[in-house]
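Breakdown of the fold
Chain by chain, the residues run as shown.
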Amino acid sequence: MEALIKFVQDEFVTKKEFAEFSAGDTITVYYEIKEGEKVRTQFFRGVVIQRRGTGLSETFTIRKMSGTVGVERIFPVNLPSIQKIEVNKRGKVRRARIFYFRGLTGKKARITEKRR
């Protein structure tokens with residue numbers, strides 16, 4: 001049954017090609033917002049905490065600081081309203097899910113940048 005579902009997802013669902021990113025990277029997601037009849041583009045810039053799932057159900061979580069309050073947002077990878085994803089910085093982390101990042105403040109909340 002799983003093979004059939006995977007086949008249907010691969011054949012009939014159009015996937016958008018975005019830049020590769022992983023946990024620890026700082027990215028900017030540009031997405032459309034509908035307000036009544038108007039459509040505008042908004043962006044959300046923050047650190048990727050995790051990528052989860054595969055295929056159609058894959059999602060990623062981004063965390064940013066808005067003043068002194070931490071804001072997290074979960075985006076499905078195949079969301080039609082996502083226009084583009086920019087990778088601003090590549091972070092050097094040792095885990096795939098950096099939930100410990102939520103508890104860090106100040107200089108401890110820095111993620112070192114990967115060397116190329």
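Residue positions are given per chain, counted from 1 along the sequence in the order it is written. Local features in this predicted model are restricted to residues whose pLDDT is 70 or higher, and side-chain atom pairs enter the listing and the counts only when it is 80 or higher, whereas totals over whole chains, interfaces and linings include all residues. Computation of side-chain values covers all heavy atoms of the structure but excludes hydrogens and water.

**Quick word on the environment of arginine 40**
Under the scheme used here, helices are H or I runs from DSSP no shorter than 4 residues and strands are E runs no shorter than 2 residues, and both carry numbers assigned from the N terminus. Turning to its location among the elements, arginine 40 is positioned in strand β2 (residues 38-52). We classify arginine 40 as partly exposed; its relative accessible area is 36%. Counting along the chain gives 64 residues from arginine 40 to leucine 104, while the straight-line C-alpha distance between them is 34 Å. We call two residues in contact whenever any of their non-hydrogen atoms come within 4.5 Å of each other. Residues in contact with arginine 40, not counting those within four places in the same chain, are Tyr31, Glu32, Ile33 and Glu35. Between N or O atoms, a polar contact is any pair within 3.5 Å; within protein, one atom must be a potential hydrogen donor and the other a potential acceptor, and residues adjacent in sequence are included only when both atoms are from side chains. Within polar-contact distance, the side chain of arginine 40 engages the side chain of glutamine 42 at 3.2 Å. Only protein chains enter the area calculation, which uses a 1.4 Å probe; residues under 20% of their type maximum are buried, those over 50% are exposed, and those in between are partly exposed.

**Observations regarding the nonpolar core**
Core analysis: the largest hydrophobic core is formed by 13 residues, its most contacted members being Ile27, Val29, Phe60, Ile62, Phe75, Ile82 and Ile85. Put simply, the parts of the chain that give this core at least two residues each are β1 (26-35), β2, β3 (59-66) and β5 (82-89). The leading source of residues in this core is β1, at three residues. For isoleucine 62, the residues in contact, after removing those within four places along its chain, are Ile27, Val29, Phe44, Arg45, Gly46, Val47, Val48, Val71, Glu72, Arg73 and Phe75. Residue types Ala, Val, Leu, Ile, Met, Phe, Trp, Tyr and Cys, when buried and joined through side-chain atoms within 4.5 Å, form a set referred to as a nonpolar core.

**What to know about a nonpolar patch on the surface**
A surface patch of nonpolar side chains, amounting to about 700 Å² of accessible area, comprises Met1, Leu4, Ile5, Phe7, Val8 and Phe12. Its location among the elements puts phenylalanine 7 in helix α1 (residues 2-12). Given the relative accessible area of 49%, phenylalanine 7 is considered partly exposed. Nonpolar side chains (Val, Leu, Ile, Met, Phe, Trp, Tyr) within 5 Å and like charges within 9 Å form the patches, drawn only from residues with over 30% relative accessible area and no salt bridge. With residues, only the protein chains shown are counted as cover, and all accessible areas are computed by Shrake-Rupley using a 1.4 Å probe. Salt bridges, as used here, are contacts in which a Lys or Arg side-chain nitrogen is within 4 Å of a carboxyl oxygen on Asp or Glu.

**Considerations on the sheet that holds β3**
Strand pairing is assigned whenever DSSP identifies at least 2 bridges connecting the two strands. Overall, antiparallel pairing links the five strands, which are arranged β4-β3-β2-β1-β5 in an open sheet. Looking at the sheet topology across the chains shown, the edges are occupied by β4 (69-76) and β5. When strand polarity is set aside, the average angle formed by the axes of neighbouring strands in this sheet is 40°. With 10 bridges connecting them, β1 and β2 associate as antiparallel partners. Note that in β2 the partner of tyrosine 31 across the bridge is glutamine 42. Axis definition: a line fitted to C-alpha atoms, limited for helices to the stretch in contact. Angles are taken between N-to-C directions and run from 0 to 180 degrees.

**Things to note about the pairing of β3**
Two faces belong to every sheet, and in a regular strand the side chains alternate between them. One ladder, built from five bridges, connects β2 with β3; its direction is antiparallel. Across the sheet, the residue bridging to arginine 52 is threonine 59, located in β3. Between β2 and β3, which pair antiparallel in sequence order, lie six residues; one of them, glycine 53, sits at a positive phi of approximately 90°. Two elements, β3 and β4, share eight bridges in a ladder whose sense is antiparallel. When the sheet's bridge partners are listed, threonine 61 is paired in β4 with isoleucine 74. Connecting β3 to the next strand, β4, in antiparallel fashion are two residues, including glycine 67 with a positive phi near 75°.

Function cannot be read off these values alone, since they describe shape.
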